[in-house]
Amino acid sequence: MIRRFLGLCAVLAASLSCTAHAGAPRGTGPAPGLAGAWQPLSRPLVLVTNREALPQSGLRVGFVADSQIQTRSNNKHVRGYRGPIEDSQVQGAIRPPALDWAARSMLRSDLEQLVTQGAKMIFFLGDGANNGCYDEFARGFADDAELVPNEASVLSLLAEFRLTHHVPVYFILGNHDILGAGSTSAIGQRKRFCKAKLGPNRYITKFEAMQWAEMFNQRNAGLPNAGTYRSNWAGNEDAIRRNCGGAKVAQDRKRGCYLAATVDTLIDGRTAQFLLLDTNDWADVVTLFPGFEQKGARGAMTFVDKGGILSQTSWFNAHASQRVDLRVALSHYDVGGLRSQLLKWKFSNKSQRYLELFTEGHEPAVPIQTHGYVVTGHTHTQTYVHEPHRFAMNCGLLRGSCADTDLFSVDELNIGSTTDYTSFATLAQLDPDPTKPADIYFKRVEVRDCEPVWTEIDRGIGWPALGVNTANRYAYRKFKLREVEPIWAKLRDYAGDDAHKLNCIGVYSAAVEAGAVGKSEPVDQ
């Protein structure tokens, strides 16, 4: 039993670990049917360091992910999902008390910096909540509850930011937004995660999360640079409700229970389209561990049309097939996290279907744009992972027989969390002008100049008083509300409303918890 338990914990570790996927060499040569007009990914993503300036032409866009705002109603130890053993198996932070207190301030700071540096549109790539609890995800947005800043749900925080700055913000669902600890839909476990102690709270269903995310996205209409938003929701809500089923079922495994959308815009007269993928769409995935879910280990998009219900991949084929100058797919799960794989053998790309997002829906496959891009979260990576993934188009079952002209490359940018390691968001400049060297430039946005705050804490209140033990990063993981409330009180007394102090405490706490070097300034790539 112990061996089985530890093995399953290792699966949990895989759901948050930072893994670099080896990219294959880029192909050369024209695509079939385009008479030499296509060169596979001849314009890769370009990283700009914090010492350099982004180009001025094009559209400046912000990407944030994985804030994982933790419910403050309950800090219960839930065996198999939240506890010291589970904590030790996960490279990213499982929200220690100091990080719980600072997480909202860290997200606000990243959003403010993105706007200050010129972002005209922002996409949140999922995992705004930590356990799919109402107070983490929607309280104050789905109702008229008045919340203090340290208790804001992710949607209420993003809505307040949007109202203040008049910048459109689009939200994509992540696994932590709808599952306990990002891994389980079991009702008993989810009730334990979302038990109310400090105020009204409960677990939310996937249908509810989709409904509120759709409502949130629709409210961008009329804002400058909002583009045109279309989803599978409009005019189809009743059918989606039926497909998702009742509140006490694993809705994430129900066929047709997904929220897919597109955002179309113009960039200097050229067409651009964002695909908002729902990668918590597990209906076509076999359960690996019946009775002990670890869904966070991999994501999925449905690709089988069954019972008259359109799969998510088919929806995109039908509604995002027009040719555009630049198409960017946005996903919570990284490309590797969607792949059907056992050990070293990758059985199929059909579980992710990225090829179909960038090609015509007929045989032989033909690219619908010159280059393919996807921006992803989920891994909490400390530094960017950007690489090409290659997909077979017209070479049958044996990929080994493929020539370079039969492979299509999709370049992935996997970004970090707002509350792990060095804590960063991403500012990107999109410019589909074919005369320019690249389509997408990107750089980090992060908290800086924390050394004075850390030194002040060292010489004053001390880290242990704030629940951070540099000698044993798991020592403060008590998981009981009465034991974390004194820590929150000391954080409030020390930092108050000083956002910079809160942000620096959060960065340090996350770095210690995640096993990264404690006192280091952010990485300048």
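Residues numbered from 1 in each chain as written. Predicted model: local features only at pLDDT ≥ 70, side-chain atom pairs only at ≥ 80, totals over all residues. Heavy atoms only, no water.

## Remarks on the confidence of the model for the chain
Reading predicted coordinates in detail is not appropriate for stretches of low pLDDT. For clarity, the threshold we go by: As a per-residue measure, pLDDT reflects the predictor's confidence and takes values from 0 up to 100. Residue contacts follow a heavy-atom distance rule, with two residues in contact if any of their heavy atoms lie within 4.5 Å.
Here the chain shows a mean pLDDT of 81. Residues at 70 or above account for 78%. Segment residues 1-41: pLDDT under 50, and 99 contacts once partners within four positions in sequence are set aside and those in other chains are kept. The low-confidence segment residues 341-351, where pLDDT is below 50, has 19 contacts with residues more than four positions distant or belonging to other chains.

## Some thoughts on the packing of helix H8 (residues 206-218) against helix H9 (residues 237-244)
Angle between the axes and distance between the axes are the two parameters that describe a pair of packed helices. Note the following rule: Axis geometry follows a simple rule: fit a line to the C-alpha atoms, using only the stretch in contact for helices, then measure angles between N-to-C directions, giving values from 0 to 180 degrees. A run of H or I in DSSP becomes a helix once it reaches four residues, and a run of E becomes a strand once it reaches two; helices and strands are each numbered from the N terminus. For classification, angles of less than 35 degrees are called roughly parallel, those exceeding 145 degrees roughly antiparallel, those between 65 and 115 degrees roughly perpendicular, and all remaining angles oblique. Basically, the charged four are Asp, Glu, Lys and Arg, the nonpolar ten are Ala, Val, Leu, Ile, Met, Phe, Trp, Tyr, Cys and Pro, and anything else, Gly included, counts as polar.
The N-to-C vectors of H8 and H9 enclose an angle of 155 degrees; their axes lie 10 Å apart at closest approach. By the criterion of interaxial angle, the relationship of H8 to H9 is roughly antiparallel. On the side of H8, the interface is formed by Phe 207, Met 210 and Gln 211, while H9 contributes Glu 237, Ile 240, Arg 241 and Cys 244. Taken together, the residues that form the contact of H8 with H9 break down as four nonpolar, one polar and two charged.

## Some words on the pairing of strand E5 (residues 228-231)
Applied cut-off: Relative accessibility thresholds used throughout: buried, under 20% of the residue-type maximum; exposed, over 50%; partly exposed, between the two (1.4 Å probe, protein chains only). Should DSSP find at least two bridges between two strands, the strands are taken to pair.
Side chains Tyr 229 and Ser 231 project from E5 onto a buried face, and the interleaved Thr 228 and Arg 230 project onto a face without burial. Here E5 pairs with strand E6 (residues 261-267) via four bridges, running antiparallel. Within the sheet, the bridge partner assigned to Thr 228 lies in E6 and is Asp 264.

## Structural notes on the pairing of strand E15 (residues 440-446)
The element E15 is largely enclosed, with a buried count of seven among its seven residues. Burial along E15 is two-sided: Ile 440, Phe 442, Arg 444 and Glu 446 and Tyr 441, Lys 443 and Val 445, pointing in opposite directions, are all buried. Bridge count for strand E1 (residues 46-47) against E15 is two bridges, and the pairing is parallel. Bridge pairing in E15 places Val 46 opposite Tyr 441. Pairing of strand E14 (residues 424-430) with E15, which is carried by seven bridges, proceeds in the antiparallel orientation. Directly across from Leu 430, in E15, lies its bridge partner Ile 440.

## Observations regarding the nonpolar core
Formally: Among the buried residues, those of types Ala, Val, Leu, Ile, Met, Phe, Trp, Tyr and Cys that are joined through side-chain atoms within 4.5 Å form a nonpolar core.
Residues Phe 123, Phe 137, Phe 171, Phe 274, Leu 276 and Leu 330 are the most contacted members of the largest nonpolar core, which totals 81 residues. Other than its neighbours up to four places away in sequence, Leu 330 contacts Phe 63, Phe 123, Leu 125, Ile 172, Phe 274, Leu 275, Leu 276, Leu 277 and Val 375. Judged by nonpolar contacts, the second largest core, of 27 residues, contains Val 447, Cys 450, Leu 491 and Tyr 508.

## Some thoughts on the state of the cysteines
What counts here: In this description, the term disulfide denotes a pair of cysteine sulfurs within 2.5 Å.
Taken as a whole, this structure holds three disulfides when the rule is applied. Covalent S-S linkage joins Cys 133 and Cys 194, the inter-sulfur distance amounting to 2.0 Å. Across the S-S bond linking Cys 133 and Cys 194, the dihedral sits near -85 degrees, which makes this disulfide left-handed. Taken as a pair, Cys 133 in the loop between strand E3 (121-124) and helix H4 (134-137) and Cys 194 in the loop between helix H7 (187-193) and H8 lie far apart in primary sequence, 61 residues in all. The same class applies to Cys 133 and to Cys 194, which are both buried.

## Digging into the sheet that holds E3
Strand order across the open sheet formed by six strands is E1-E15-E14-E2-E3-E4, with mixed pairing between neighbours. Bordering the open sheet on either side are E1 and strand E4 (169-171), each of which pairs with just one other strand. The sheet contact formed by E3 and E4 spans three bridges and is parallel. For Ile 122, the partnering residue across the bridge sits in E4 and is Val 169. Sheet strands touched by helix H5 (residues 154-165): E3 and E4. Its angle to E4, the strand with the most contacts, is close to 160 degrees.

## Some thoughts on the side chain of Asp 281
Rules: In protein, a polar contact requires one atom able to donate a hydrogen and another able to accept it; more generally it is a pair of N or O atoms within 3.5 Å, and residues adjacent in sequence count only if both atoms are side-chain atoms.
Tracing the sequence through the fold places Asp 281 in the loop between strand E7 (270-276) and helix H10 (312-319). A distance of 2.6 Å separates a polar atom in the side chain of Asp 281 from a polar atom in the side chain of Thr 302. For Asp 281, the side chain forms a polar contact with the side chain of Gln 312, separated by 3.0 Å. Ignoring sequence-local partners within four residues, the contact set of Asp 281 consists of Lys 206, Asp 252, Cys 257, Tyr 258, Ala 300, Met 301, Thr 302 and Gln 312.

## A few points about the side chain of Asp 411
Positionally, Asp 411 belongs in strand E13 (residues 407-414). At 3.2 Å, the side chain of Asp 411 forms a polar contact with the backbone nitrogen of Leu 45.

## Description of the packing of aromatic side chains
Applied cut-off: In this scheme Phe, Tyr and Trp rings, the latter by its six-membered ring, pair at centre separations within 6.5 Å, and the angle between planes marks the pair as stacked below 30 degrees, edge-to-face above 60, and tilted otherwise.
Within the structure shown, the criterion is met by 17 aromatic pairs. Measuring from centroid to centroid gives 5.6 Å for Phe 123 and Tyr 170, while their planes differ by 20 degrees, and the two rings are stacked. Of the two residues, Phe 123 is situated in strand E3 and Tyr 170 in strand E4; the sequence distance between them amounts to 47 residues. For the pair Phe 123 and Tyr 170, a shared accessibility class is recorded, and that class is buried. Taken together, a centroid distance of 4.6 Å and an interplanar angle of 40 degrees make the contact between Phe 123 and Phe 274 tilted. With Phe 123 in strand E3 and Phe 274 in strand E7, this pair connects stretches of sequence that are 151 residues apart. Here the two residues Phe 123 and Phe 274 agree in accessibility, since each one is buried.

## Some words on the pattern of salt bridges
To be explicit about the condition: Take a side-chain nitrogen of Lys or Arg and a carboxyl oxygen of Asp or Glu: if they are within 4 Å of each other, that pair is a salt bridge.
Evaluated as defined, the whole model comprises 10 salt bridges. Between Asp 284 and Arg 255 there is a salt bridge, with the nearest N and O atoms lying 2.7 Å from each other. Residue Asp 284 is found in the loop between E7 and H10, and its partner Arg 255 is found in the loop between H9 and E6; the two are separated by 29 residues along the sequence. Residue classification places Arg 255 among the buried positions, given a relative accessible area of 17%. Residue Asp 431 is joined to Lys 436 by a salt bridge in which the shortest nitrogen-to-oxygen separation is 3.1 Å. Looking at Asp 431, the relative accessible area reads 6%, which means it is buried. Since its relative accessible area comes to 29%, Lys 436 is described here as partly exposed. Counted as one network, the salt bridges with shared partners bring together Arg 444, Glu 446 and Arg 448.

## Some words on helix H12 (residues 451-459)
Formally: Here the arc refers to the directions that run from the helix axis out to each C-beta atom.
Within H12, burial applies to Val 453, Trp 454 and Ile 457. Along the long axis of H12, the arc covered by the buried residues comes to 95 degrees, so they all point the same way. Summarising the geometry of H12, the exposed residues directed more than 90 degrees from the buried face are Pro 452 and Arg 459. Tucked into the core, H12 has its buried residues touching helix H13 (481-495) and helix H14 (499-513).

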